[in-house]
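# Chain and residue survey
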Amino acid sequence: MRHVLVLGGTTEGRTLAAELAPTALRVTSSLAGRVARPRLPAGEVRIGGFGGPEGLADWLRTERVDAVVDATHPFAAGISHNAALAAAATGVPLLMLRRPGFTRVDGDHWLPAPSLAAAADLLPRRGERVFLTIGRQGVAAFAHLDGVHFLARSVDPPEPPLPPSFEVLLDRGPFTIQGEEALLRKHDIDVLVTKDSGGAATAPKLTAARGLRLPVIIVERPPVPEGVPVAPDVPGALRWLEHLR
């Protein structure tokens, strides 16, 4: 095995690239290019899409890729679907590197929603001052709601359509429990809307919401493509790659 493609954009993707960079392997990390100033991983980096599953399959053949690790965001269902199709078409082994989802504990008041649209349907019955932590591309699902004030946090500004009463907070994790609680109090938030993305960097908002007894509308993850193996962490991905070697 000589060449590994990491579909990245996450902390796990950067960590995996850093672990592989000192080895004799060629490591290429692919970023979607949706963030203006992404944190670049070690090794080779390409930015932008492949042109669907056919384009990705062509790239795998041309660049003689021996293995693909999909370390994209758990909600990046499109690229994960394309990766599964491209891997099947080329015979290149594919692993999904997916951090575990958030864990519900005593005191949590979670309201599961299968989609952003379903999460929007739960408002405004659950609250009138909403903290959105769903990424900038999901804000449009709430644009039709009147009578609700939204505070949305994202790395880059969201694009229209936006809700009538809306403000944006540009920030990037990791966050602290104390900082999240102070933010919720300052903006008089009465409901949190987030995705089940998992990870320690953004989990403090859930702890803060629990402490303030706020309901949390949590959007459930899309399923992993059928038949694709999954590793929950970087050590698991490294073991999978070593097994291939």
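Residues numbered from 1 in each chain as written. Predicted model: local features only at pLDDT ≥ 70, side-chain atom pairs only at ≥ 80, totals over all residues. Heavy atoms only, no water.

The subject of this paragraph is the nonpolar core. Inside soluble globular proteins, nonpolar side chains tend to come together where they are buried. Of all hydrophobic cores here, the largest spans 21 residues; its most connected members are Leu123, Val130, Leu132, Phe142, Phe150, Val193 and Ile217. Of all the elements in the fold, those that place two or more residues in this core are strand S6 (110-113), helix H4 (116-121), strand S7 (129-133), strand S8 (149-154), strand S10 (191-195) and strand S11 (216-219). Considering each element in turn, this core owes the most residues, three residues, to H4. Leaving out residues up to four positions away in the same chain, Phe142 has contacts with Leu116, Ala119, Ala120, Leu123, Leu132, Ile134, Phe150, Pro163 and Val193. (Core = buried A, V, L, I, M, F, W, Y, C linked by side-chain atoms within 4.5 Å. Buried < 20%, exposed > 50% of the residue type's maximum accessible area, 1.4 Å probe, protein only. Helix = DSSP H or I, 4+ residues; strand = E, 2+ residues; numbered from the N terminus. Contact = heavy atoms within 4.5 Å.)

Turning next to the packing of aromatic side chains. Across all of its chains, the model carries two aromatic pairs by this definition. On the numbers, 5.6 Å between centres and 70 degrees between planes, the contact of Phe50 with Trp59 is edge-to-face. Assigned by exposure class, Phe50 and Trp59 land together as buried. Here Arg46 stacks its cationic end above the ring of Phe50, 3.8 Å away from the centre of that ring. When the ring centre of Phe175 is taken as reference, the NZ or CZ atom of Arg153 above it lies at 3.7 Å. (Phe/Tyr/Trp six-rings, centres within 6.5 Å; stacked < 30°, edge-to-face > 60°. Lys NZ or Arg CZ within 6 Å of the ring centre and 35° of its normal.)

The topology assignment puts Pro223 in the loop between S11 and strand S12 (230-231). Judged by relative accessible area, Pro223 falls into the exposed class, the value being 74%. Sequence separation between Pro223 and Ser80 is 143 residues; the distance between their C-alpha atoms is 9.9 Å.

Turning to the sheet that holds strand S5 (residues 94-97), a few remarks are in order. Remark on secondary structure: sheet strands pair via backbone hydrogen bonds, oriented parallel or antiparallel. What the six strands build is an open sheet, ordered S3-S2-S1-S4-S5-S12; its pairing is parallel. Only two strands of the sheet have a single neighbouring strand rather than two, namely strand S3 (44-47) and S12. Pairing between strand S1 (residues 3-7) and strand S4 (residues 67-70): four bridges, direction parallel. Bridging across to S4, Leu7 finds its partner in Asp70. The strands that helix H3 (residues 77-90) touches are S1, S4 and S5; relative to S5, the one it contacts most, it runs at about 160 degrees. Its contacts with the sheet put helix H7 (residues 234-244) on S1, S4, S5 and S12, and the angle it makes with S4 is roughly 170 degrees. (Pairing = 2+ DSSP bridges. Axes fitted to C-alpha atoms, helices over the stretch in contact; angles between N-to-C directions.)

Turning next to unusual backbone geometry. With an omega dihedral of 0 degrees, the bond running from Leu123 to Pro124 counts as a cis peptide bond. In this structure, Pro124 sits in the loop between H4 and S7. At Arg64, a residue that is not glycine, the phi angle is positive and equals roughly 55 degrees. Take Arg64: it is sitting in the loop between helix H2 (52-62) and S4. Judged by its relative accessible area of 68%, Arg64 falls in the exposed class.

Before going further, it helps to examine the side chain of Ser197. Within the secondary structure layout, Ser197 lies in the loop between S10 and helix H6 (204-211). The residues touching Ser197, leaving out its near neighbours within four places in the chain, are His73, Pro74, Phe75, Arg99, Phe102, Thr202 and Arg221.

The next point concerns helix H1 (residues 11-20). Among the residues making up H1, those that are buried are Glu12, Gly13, Leu16, Ala17 and Leu20. Viewed along the axis of H1, the buried residues span an arc of 135 degrees, placing them on a single side of the element. (Arc of directions from axis to C-beta.)

Take the sheet that holds S7 next. Spatial ordering of the open sheet is given by S6-S11-S10-S7-S8-S9, a layout of six strands whose pairing is parallel. Each edge of the open sheet carries a strand with a single partner, namely S6 and strand S9 (165-170). Across the sheet, the mean angle from the axis of one strand to that of its neighbour is 20 degrees, orientation sign disregarded. Note: S6 against S11, four bridges, orientation parallel.

Applying the stated rule across the entire model yields eight salt bridges. Between Arg26 and Glu63 there is a salt bridge whose closest N-O contact spans 2.9 Å. Highlighted residues: Arg26 in strand S2 (residues 26-31) and Glu63 in the loop between H2 and S4, separated in sequence by 37 residues. Residue Arg26 is classed as partly exposed on the basis of its relative accessible area, which comes to 30%. Through salt bridges that share partners, Arg26, Glu44 and Glu63 make up one connected network. (Salt bridge = Lys/Arg side-chain N within 4 Å of Asp/Glu carboxyl O.)

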